[in-house]
Amino acid sequence: MEMKQPEIMNREDGGEHEKEQESQENGRLVADSVAEKGQKSCSGPGQVSNGYPSTSPQSPRDGAGAGADRGSTPGAFRTLVVQQTSLDPPRETWSKKMDFLLSVIGYAVDLGNVWRFPYICYQNGGGAFLLPYLLMAVFGGVPLFYMELALGQFHRSGCISIWKHICPIFKGIGFAICIIALYIAFYYNTIMAWALYYLLSSFRATLPWTTCTNQWNTPNCTHYLSTDLNVSWTNYSISPAEEFYIRQVLQVHLSPGLHQLGWVSWQLALCLLFIFIVVYFSIWKGVKTSGKVVWVTATFPYLVLLILLIRGATLPGAWRGVVFYLKPDWSKLLTTTVWLDAAAQIFFSLGPGFGVLLAFASYNPFHNNCYKDALVTSSVNCLTSFLSGFVIFTVLGYMAEMRQQRVETVAKDAGPSLLFIIYAEAIANMPAATFFAIIFFLMIIMLGLDSTFAGLEGVITAMLDEFPHLLARRREWFVLGLVCVCYLGALSTLTYGGAFVVKLFEEYATGPAVITVVFLEVIAVSWFYGTTRFCNDVQLMLGFAPGVFWRVCWVAICPCFLLFIIGSFLAFPPEVRLFDYLYPFWTTVLGYCIGVSSFICVPSYMVYLLVTTKGTFKQRLLKSITPEAPGSSGPQRDTIVITNAV
């Protein structure tokens with residue numbers, strides 16, 4: 001049971017110095033005349049951190065003077081504002097504003113910005129793709145991004161406990177988000193383990209994926225460039241970079257498919273263990289530590305991108321890649337696929353619905369301008385995606401020039417293969433290949449670490465807010481247990497057939513489930529909690545309310561935006577293929593079961609709440625969609641009691 005202690009500060013007679021200090025810590029009493037009662041106090045420094053209006057704190061001397069002046073009017077009413085403050089420790093906050101911004105940017109800018117956006121851009125009309133991409137960002141992605149930052153900052157809660165302040169019956173959304181975050185941790189960090197393997201292999205004069213004389217190479221291995229006059233490329237030829245990736249790093253050739261994954265690769269297991277050790281010591285103490293780590297992990301990729309862009313622009317044939325990347329094909333805009341890809345790309349790039357934005361914003365000061373933060377960070381994310389396209393395609397143009405092939409032939413692979421095969425091979429054929437290989441794969445690891453920090457922090461914040469008395473003082477142990485669970489869950493992705501598991505999780509475990517969860521989140525906030533109430537909350541924080549554009553987006557455009565993506569997933573299920581392996585039908589069923597396993601938390605909690613709530617069905621339904629009264633909700637929220645006294 002939460003323990004609270006009301007204290008009233010006697011401003012009339014001054015009091016003792018010790019009593020004044022105790023009163024300042026535990027409560028404030030403000031004396032106002034009736035004429036001043038009508039004044040608004042909903043903004044400015046006189047607001048308490050949880051969003052309830054209060055007056056500006058005064059020094060004891062000022063308070064005594066004010067009380068004496070007002071007390072001179074006989075029989076006048078005075079308003080006593082009593083603040084009951086929780087005895088629990090205050091909520092942690094970011095050390096600096098830049099810690100928060102870099103954390104959000106690091107979370108939003110991930111591996112998908114480096115490979116997925118350039119690939120989708122050239123596949124969907126090049127420069128013409130930027131039009132649907134920007135429209136989807138303005139009317140769908142950014143409003144959702146802004147909404148989550150505002151929700152997290154106002155209610156100061158993680159993705160589970162926040163729902164009792166909004167609409168309790170949707171609390172299952174928070175549990176679903178946590179399960180989705182675990183699924184992502186199972187496979188996403190494995191890609192960083194691959195990059196770490198490449199990084200360790202780069203510390204040699206001759207990169208191992210440039211020659212065909214290694215033990216993992218086959219007779220079909222062909223090192224083919226325009227300078228190799230005696231080498232011819234056939235339909236059976238395989239580049240040494242592809243064989244290194246498939247046969248040495250992944251060892252996919254030792255697994256026939258998902259039905260027989262094979263043994264765990266001990267090299268990748270050690271690489272992933274190192275990744276999780278870095279993750280643990282970066283987030284175990286909270287945002288105070290992770291906020292410092294992102295100064296390196298969020299800024300270093302931009303330095304590397306700039307270096308690679310300058311180097312790529314000076315390579316022969318770079319212009320061919322840029323033209324192929326940006327040459328507009330306006331006829332593609334008439335197809336539904338382009339708009340679907342634009343919507344999915346901006347959604348997964350900005351990342352609403354994963355609980356991360358709620359968690360990060362909950363550590364902000366109450367009056368932080370989250371509106372400006374949303375615009376800045378989302379703009380940086382989109383510009384980074386656009387910049388990454390130049391970095392990738394200048395190098396692909398160089399590869400096309402060296403192989404004397406067309407750019408689309410070189411860039412036929414999507415996904416991590418674009419980075420670990422095509423780009424790795426291009427780097428290997430540059431002067432100073434070892435240096436560029438080291439900084440490139442270090443950049444890949446940094447990009448992944450930021451997203452992992454954010455994803456796990458979303459789960460940690462949610463659980464600590466939901467079970468504060470159990471976990472608040474045991475954060476380090478809880479984080480250790482969570483990291484161990486993620487490592488054990490990732491073991492299946494470290495097997496010889498682990499790449500097949502990664503692809504399965506990527507296609508089914510996160511996409512449809514998280515989009516459905518965000519759709520329900522928007523409905524709960526806009527239609528049940530109410531757009532008017534939400535906008536009033538924002539005005540209380542920022543001093544201005546969201547305009548008509550944002551209201552229309554939250555009520556109508558964003559739900560339609562999300563329904564469009566969900567409907568396309570259901571109407572056109574993807575044909576999953578990796579290398580030469582076509583996923584059988586039973587893997588599709590397995591994938592949908594994994595996706596449903598997280599989403600099932602939403603209806604399950606609805607039934608649970610309706611069954612356990614007392615009263616008639618109508619009373620239970622009304623109570624389940626009514627936000628809890630302020631003051632009875634969290635261990636760290638303050639209650640303001642206003643009384644009139646003579």
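Residues numbered from 1 in each chain as written. Predicted model: local features only at pLDDT ≥ 70, side-chain atom pairs only at ≥ 80, totals over all residues. Heavy atoms only, no water.

(A) Structural view of the overall build of the chain. Tallying secondary structure elements over the chain gives 25 helices and four strands in all. Across the 646 residues in the chain, those meeting the buried criterion constitute 56%. Long-range pairs, those at least 24 residues apart, make up 83% of the contacts in the chain with a sequence separation of at least 6. In the form shown here, the chain has an accessible surface area of approximately 27,600 Å², with 64% of it arising from carbon and sulfur atoms. (Helix = DSSP H or I, 4+ residues; strand = E, 2+ residues; numbered from the N terminus. Buried < 20%, exposed > 50% of the residue type's maximum accessible area, 1.4 Å probe, protein only. Contact = heavy atoms within 4.5 Å. Areas by Shrake-Rupley, 256 points an atom, 1.4 Å probe, with all protein chains shown as cover.)

(B) Structural view of helix α9 (residues 287–297). Among the residues of α9, V287, S290, G291, V294 and T297 are the ones counted as buried. Down the axis of α9, the buried set is contained in an arc of 120°. They therefore lie on one face. Taken together, the buried residues of α9 touch α3 (97–108), α8 (266–283), α10 (300–313) and α17 (433–466). (Arc of directions from axis to C-beta.)

(C) Local environment of the state of the cysteines. In total, this model carries one disulfide according to the counting rule given. Each sulfur in the disulfide pair C212 and C221 lies 2.0 Å from the other. Disulfide C212-C221: the torsion about the S-S bond is -70°, which places it as left-handed. Left unpaired, C553 is separated from the closest cysteine sulfur, that of C558, by 5.4 Å. Note on C553: relative accessible area 0%, which makes it buried. (Disulfide = S-S within 2.5 Å.)

(D) View of the packing of α3 against helix α14 (residues 370–403). In contact at an axis separation of 9 Å, α3 and α14 are set at 40° when each is read in the N-to-C sense. One element, α3, and the other, α14, form an angle in the oblique class. In the packing of α3 onto α14, the handedness of the crossing is right-handed. From α3, K97, F100, L101, V104, I105 and A108 reach across to α14, where they touch D373, T377, V380 and N381. (Axes fitted to C-alpha atoms, helices over the stretch in contact; angles between N-to-C directions. Parallel < 35°, antiparallel > 145°, perpendicular 65-115°, else oblique. Left-handed = near helix turned anticlockwise from the far one by under 90°.)

(E) Quick look at a nonpolar patch on the surface. Taken together, the side chains of L131, L135, V138, F139, W330 and F549 make up a nonpolar region of the molecular surface, amounting to roughly 540 Å² of accessible area. Of the residues forming the nonpolar patch, the biggest block, four residues, is contributed by helix α5 (residues 130–155). Tracing the backbone through its elements, the reader meets L135 in helix α5. (Patch = residues over 30% accessible without salt bridge, like charges linked within 9 Å, V, L, I, M, F, W, Y side chains within 5 Å. Salt bridge = Lys/Arg side-chain N within 4 Å of Asp/Glu carboxyl O.)

(F) Spotlight on the packing of helix α20 (residues 498–509) against helix α23 (residues 585–599). The contact between α20 and α23 brings their axes to 8 Å, and the two run at 60°. Here α23 runs oblique to α20, going by the angle between their axes. As α20 packs across α23, the resulting crossing turns out to be right-handed. Along the contact surface, α20 presents L504, F505, Y508 and A509, while α23 presents T587, T588, L590, G591, Y592, I594 and G595. Taken together, the residues of the contact of α20 with α23 break down into seven nonpolar, four polar and no charged. (Nonpolar A, V, L, I, M, F, W, Y, C, P; charged D, E, K, R; others polar.)

(G) Representation of the UniProt feature "binding site: Na(+)" (unreviewed entry) in the chain. The sites that carry the UniProt feature "binding site: Na(+)" (unreviewed entry) are, in the present numbering, G106, A108, V109, N113, S349, N381, L447, D450 and S451. Across 346 residues in sequence, these annotated residues keep their C-alpha atoms within 13.4 Å of one another, forming a single compact spot. With respect to the element layout, S349 can be found in helix α12 (residues 336–350). Here S349 is in contact with A108, N113, N381 and S385, once residues within four sequence places are set aside. Along the chain, the position of D450 falls in helix α17. Given a relative accessible area of 3%, D450 falls into the buried group. With residues near it in sequence (within four places) discarded, D450 still touches G106, Y107, V294, T297 and A298. Side-chain polar atoms of D450 contact the side chain of T297, separated by 2.3 Å. (UniProt positions renumbered as here; feature names shortened; annotations may be inferred. Polar contact = N/O pair within 3.5 Å; in protein donor to acceptor, adjacent residues only side chain to side chain.)

(H) How the structure looks around helix α21 (residues 511–542). Spanning 32 residues, α21 covers only 33 Å between terminal C-alpha atoms, well under the ideal 46 Å at 1.5 Å per step. Residue G530 marks the point of greatest curvature in α21, where the axis turns by about 100°. Among the 32 residues that make up α21, 25 are buried, leaving the element largely enclosed by the rest of the structure. Directly after α21, the chain includes G543, whose backbone phi takes a positive value near 90°. (Expected span 1.5 Å × (residues − 1). Bend = angle between axes of the 7 residues up to and from the residue.)

(I) Region of the structure containing the pattern of salt bridges. Within the structure shown, the criterion is met by seven salt bridges. In this structure, D99 engages K292 in a salt bridge whose closest nitrogen and oxygen atoms are separated by 3.1 Å. Pair noted here: D99 is in helix α3 and K292 is in helix α9, with a separation of 193 residues, a long-range link. Look at D99 and you get buried, because its relative accessible area is 0%. Residue classification places K292 among the partly exposed residues on the basis of a relative accessible area of 39%. R320 is the partner of E401 in a salt bridge, and the nearest nitrogen-oxygen pair spans 3.2 Å. Remark: R320 occurs in helix α11 (residues 318–326) and E401 occurs in helix α14; sequence separation between them is 81 residues.

(J) Broad picture of the packing of aromatic side chains. Evaluation of the coordinates by the stated rule reveals 54 aromatic pairs. Look at Y423 and F440: their rings are 4.5 Å apart centre to centre, the planes differ by 20°, and that puts the pair in the stacked class. Here Y423, found in helix α16 (residues 416–428), pairs with F440, found in helix α17; they are 17 residues apart in sequence, far enough to count as distant. Judged on exposure class, the residue Y423 and its partner F440 are both buried. Taken together, the aromatic side chains of W194, Y197, Y198, W209, W216, F244, Y245, F420, Y423, F440, F441 and F579 make up a single cluster linked through ring pairs. A cation over an aromatic ring shows up here: K285 above the ring of W284, its NZ or CZ 4.8 Å from the ring centre. Of note, R533 hangs over the ring of Y529, and the distance from its end group to the ring centre comes to 5.0 Å. (Phe/Tyr/Trp six-rings, centres within 6.5 Å; stacked < 30°, edge-to-face > 60°. Lys NZ or Arg CZ within 6 Å of the ring centre and 35° of its normal.)

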